[in-house]
Amino acid sequence: MRSTGIRRTVAALGAGVLALTACGGDADESADGKTRITVNCMPPKSAKTDRAFFEEDVAAFEKQNPDIDVVPHDAFPCQDPKTFDAKLAGGQMEDVFYTYFTDARHVVDINQAADLTPYVRELKSYGTLQKQLRDIYTVDGKVYGIPRTGYSMGLIYNKALFEKAGLDPGKPPATWAEVRTAAKKIAGLGGGTVGYADYSAQNQGGWHFTAELYSQGGEVVSPDGKKATVDTPEGRAVLRTLHDMRWTDDSMGSKQLLVINDAQQMMGSGKLGMYLAAPDNIPILVKEKGADYEDIAIAPMPGGKATLVGGDGYMVSKKASPEQIRAALKWLDHMFLTPGDGFLGDYARAKKHDAPVGLPEPRLFTGAADAEDQRVKQANANVPVENYKPFLDGNQRLEMKIEPPHAQQIYSVLDGVVSAVLTKEDADIDRLLKDASGKIDGILARG
C-alpha cells in the first residue's frame, strides 16, 4: 500500500498523479526506421504541470536519440491491479511498463518480463542504484527490472505538541516503549489531543501491523512464503503495545476504526502527536490539512530493526526486441535515473513551480551519484530539511523489507486483529493471532 492511501504520486513534483493505459502491440520500428517503444505512466492531462514536464523530457530524449521514437500512454492509475495480469496475458501491455516492487517476482513467474541481464551494463546508472532496491527486480540471479522510486515508513510527529508536553522534538522516540511514554504525555495535554493514532480499517490496519511487526524484527510469512509467522512473540508485542496505549494509557483516543485520512486530519489540525507514514504525507498535511511545514517532522521506525518499504520501477515486455530493450534502458536513464535531473530529479524546475523540494525520500543512488543528487536537492530545498534529519540518519541502520506476498488479502485478515484490540478491552490477543495465522496459511496455500 501507499502511505497516502493512494498509489504513488510524483512527490518530487507535487502536482499530479501518474497514469497509464494499455495499448501495447506497436511494431518495434516506426515507418521512418526508428526503434519505437511504448511506455506507460505518463501523467494525465488533468495534471497539467507534470504532463508538461513529462512531454518536455520525452522531447529532449528524442532530440538526443533521433533513432528512438517514444510513444507514451496515459490514464489513471499507473497500474490497476484489477486489470494488470489480464493486460500482460493478453499482450496489451506497453513495451516498457510500470510495476510496484511487489509485482516483480510475479511478472517473472508468469513469464512476461524480458531478461535484462545481457543489456543492463548499457544502463549507465545501474551500478549507482541502491543494491537492496536493485535486488527487488533480480530473480534467481537475473535482472528483470529497474527501480525508479522508493518509500519507507517512519514516525511522523508534531514538534509543537512535543514541546508543549515537555518532550524534546530533537530526540523523537526510538523504541516502542518511548512511543508509549511520549503518547501518554501528549494525550495528557487534554482538549481532545491524541498521543498516537493507528489505522484499523480498509486493510490499512493490516498494513500498519506489518510495518510494526517488521520494526520489532518479526515477519508476516516465512522465507519460503508458505506459512504465516504472525503468531509469535513479536506479533504479540505489537498488539500488546497497541492495547496498552489504547486502554491503559488512554493515549489513542476513543474513536477507532481509523483510516489514513482520519490521521491526516487530526495531525493537520494540531490534535495528534504521532502516527506512522512515509514522507509523502508531509505535503498533504500542509497543503490539504492545514499543518505547517515547521511543525511536522519525521523519525525512523521505532524498534530499530527494520522498516517496511515500497516503491516502483519499470520492467520490459517479454516480446520486446533487443533494440527496444536498449532503447528502454536509455529512456529510463534519461527520465528517472540521472542524479539531480530528469522527470523526478529536476529540483530547480520543481522549485520554480512551487513543488516541495527536500522531502526525505529514501535515497535511490549511492556514492558520487548520491552526493550529486543530494547537492542539487539541498540547493533547491524549500522545506525545513532539518526536520527530516533523524529519519534520514536512522534509516541507514534499518533493514528494508517489502510487503508480504498476497499483501492485500493478508492485510484484510490482520485488519480484524488490530480492530479487535483497539475496540475491545478484553480482546484475546493469543486467540486473535492463532486464528489469523490459520487464515493466512490458507491464503498462502491457495497461491
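Definitions and cut-offs
Residues numbered from 1 in each chain as written. Predicted model: local features only at pLDDT ≥ 70, side-chain atom pairs only at ≥ 80, totals over all residues. Heavy atoms only, no water. Helix = DSSP H or I, 4+ residues; strand = E, 2+ residues; numbered from the N terminus. Rg over C-alpha atoms; globule rule 2.2 N^0.38 Å. Buried < 20%, exposed > 50% of the residue type's maximum accessible area, 1.4 Å probe, protein only. Contact = heavy atoms within 4.5 Å. Areas by Shrake-Rupley, 256 points an atom, 1.4 Å probe, with all protein chains shown as cover. Lys, Arg positive; Asp, Glu negative; His and termini not counted. Charge placed at Lys NZ, Arg CZ, Asp CG, Glu CD. Core = buried A, V, L, I, M, F, W, Y, C linked by side-chain atoms within 4.5 Å. Salt bridge = Lys/Arg side-chain N within 4 Å of Asp/Glu carboxyl O.

Caption draft 1: Local environment of the overall build of the protein. On a plain count of helices and strands, the protein comes out with 17 helices and 12 strands. Taken against the 2.2 N^0.38 rule, which gives 22 Å for 447 residues, the C-alpha radius of gyration of the protein at 22 Å falls within 12% of a compact globule. The dimensions of the protein, computed from C-alpha atoms along their principal axes, are 70 × 50 × 35 Å. A burial count over the protein gives 59% of its 447 residues as buried. Within the protein, contacts between residues at least 6 apart in sequence are counted, and of these 77% link residues at least 24 apart. Roughly 18,100 Å² of accessible area belongs to the protein as shown, and the carbon and sulfur atoms make up 49% of that amount. Each charge sign in the protein was given a centre, from 52 positive and 61 negative side chains, and these centres are 2 Å apart.

Caption draft 2: Here's a closer look at the nonpolar core. Residues Ile156, Tyr196, Phe209, Leu242, Met274, Tyr275 and Ile440 are the most contacted members of the largest nonpolar core, which totals 78 residues. Ala104, Leu123, Ala327 and Ala369 belong to the second largest nonpolar core, which has 55 residues in total.

Caption draft 3: Structural context of the pattern of salt bridges. The final tally for this structure, using the stated rule, is 21 salt bridges. A salt bridge links Glu122 to Arg326; the shortest N-O distance between them is 3.1 Å. Of this pair, Glu122 sits in the loop between helix 3 (104–109) and helix 4 (131–134) while Arg326 sits in helix 11 (residues 322–336), and the two are 204 residues apart along the sequence. On the basis of relative accessibility, which here comes to 33%, the residue Glu122 falls in the partly exposed class. Put simply, Arg375 and Glu372 hold a salt bridge, and the shortest N to O gap is 2.9 Å. Within this pair, Arg375 and its partner Glu372 are both found in helix 14 (residues 367–379), separated by 3 residues, close to a single helical turn. By relative accessible area, Arg375 is classed as partly exposed at 49%.

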